[in-house]
Amino acid sequence: MNYAALRASARRLGSAAPAARASRTALRNPAFRKYSTEVPPPPKKSSNAALFGILGAAAVGGAAFWVYTSNSDSAREAGTAVRSGVQAAKVAANFVPTKEDYQKVYNRVAEILDSAGDKGYDDGSYGPVLVRLAWHSSGTYDKDTKTGGSNYATMRFEPEAKHGANNGLNVARDLLEPLKQEFPWISYGDLWTLAGVAAIQEMGGPKVPWRPGRIDGFVAQCTPDGRLPDAAQGADHIRNIFYRMGFNDQEIVALSGAHALGRCHRDRSGFEGPWTFSPTSVTNEYYKLLLNEKWLWKKWDGPKQLEDKTTHSLMMLPTDYALVQDKAFKKWTKAYADSEELWFKDFSKAVATLFELGVPSQQWVSSEPWVLKSSDEE
């Protein structure tokens, strides 16, 4: 069964998005494509490339014996510092994979999104869970302590992998592991965030600027539990979580629109159901439903959540409902309900910022983020 075609048809029927975006999704070609995974060699004409290569090798060689024969946190931190330094050296020497190589990774992510349909996963797409992985691996950032964020991909380790907010994300991590083996030069942090970008764009969302440069850390860099939003809370909690990352009220509401995607699972979060009727399409329906639908508290044996009065098939979380109960939040909820174009613009900017949290500027491969092509543009 062609789930990509079914999803495209559903979007054309149920979405008020511009025709160009609908046609872009309809033209998606889920056919398998195989690409080379070789890393481009360093530029021969650059004397700096050789210099930085020697410096990087010396740094790793000098520290490797101590780092890899010691189990101490100090050794692990030193190892991460060495790797961060080598990454910075690679950037300075232009000794890195090219944009075209990362585009190949993007393309492979695009290919596997709809394989969920063949496996009976959720609504026929892995897109929503990949967005959630990218979001949760980035949303642990603390601007005051400069810890957390996407740089170290610490959800690979316990206890962070088992934080309550990350339940079910093993599905996304396991899904991407073959791509990590296919493209061994990409870091987990870059792979996870790039997969999130690909999922957003392939599900009809806006272009999200992205660039590589994250490194893989150790268990010592794991963040404490409680840094991600608790869906059972209200406006004050939301602000505490997002202000800690450096976001404002407008950005909070813009990022919350990601709940247009996917659904909650009783065996993961305790909550149950989708937010919208098109959970595999990026639209502003989330905001329209929040404002225009009548929401009632669900009578059941699970945690507090709301259901729509009309069909009793959709749900909203207490944190979602706060967006129409809080005056400052409601202003932006209405603005995004009125204009999908405005939300796309603000969502793209906020997500791009979120995915870069915690990454030192010297690690970036490019001074400016890239815009990668969607599958129908290839």
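Structure's up top.
Reading guide: rules and limits
Residues numbered from 1 in each chain as written. Predicted model: local features only at pLDDT ≥ 70, side-chain atom pairs only at ≥ 80, totals over all residues. Heavy atoms only, no water. Axes fitted to C-alpha atoms, helices over the stretch in contact; angles between N-to-C directions. Helix = DSSP H or I, 4+ residues; strand = E, 2+ residues; numbered from the N terminus. Parallel < 35°, antiparallel > 145°, perpendicular 65-115°, else oblique. Contact = heavy atoms within 4.5 Å. Nonpolar A, V, L, I, M, F, W, Y, C, P; charged D, E, K, R; others polar. Phe/Tyr/Trp six-rings, centres within 6.5 Å; stacked < 30°, edge-to-face > 60°. Buried < 20%, exposed > 50% of the residue type's maximum accessible area, 1.4 Å probe, protein only.

(A) The packing of helix 10 (residues 235–245) against helix 11 (residues 249–256), seen in detail. It is the contact of helix 10 with helix 11, at a shortest axis distance of 10 Å, that shows an interaxial angle of 100°. Classed by the angle they form, the pair helix 10 and helix 11 counts as roughly perpendicular. Only Asp249, Ile252 and Leu255 of helix 11 make contact with helix 10, whose side of the interface consists of Ile238, Arg239, Phe242 and Tyr243. Here the residues of the contact of helix 10 with helix 11 sort into five nonpolar, no polar and two charged.

(B) Structural context of the environment of Phe329. Its place among the elements puts Phe329 in helix 14 (residues 327–338). Placed 76 residues apart in sequence, Phe329 and Val253 show a C-alpha to C-alpha distance of 6.4 Å. Dropping the residues within four chain positions of it, Phe329 is found in contact with Ala235, Ile238, Arg239, Asp249, Ile252, Val253, Ala322 and Leu323.

(C) Quick look at the packing of aromatic side chains. This model, assessed by the stated rule, comprises 15 aromatic pairs. Each ring, one from Trp297 and one from Tyr321, has its centre 6.2 Å from the other, and the planes form 75°; the classification is edge-to-face. Remark: Tyr321 occurs in helix 13 (residues 318–325) and Trp297 occurs in strand 3 (residues 295–297); sequence separation between them is 24 residues. Owing to a relative accessible area of 41%, Trp297 belongs among the partly exposed residues under this scheme. When its relative accessible area of 23% is taken as the criterion, Tyr321 is described as partly exposed.

Nothing here speaks to function; it is geometry throughout.
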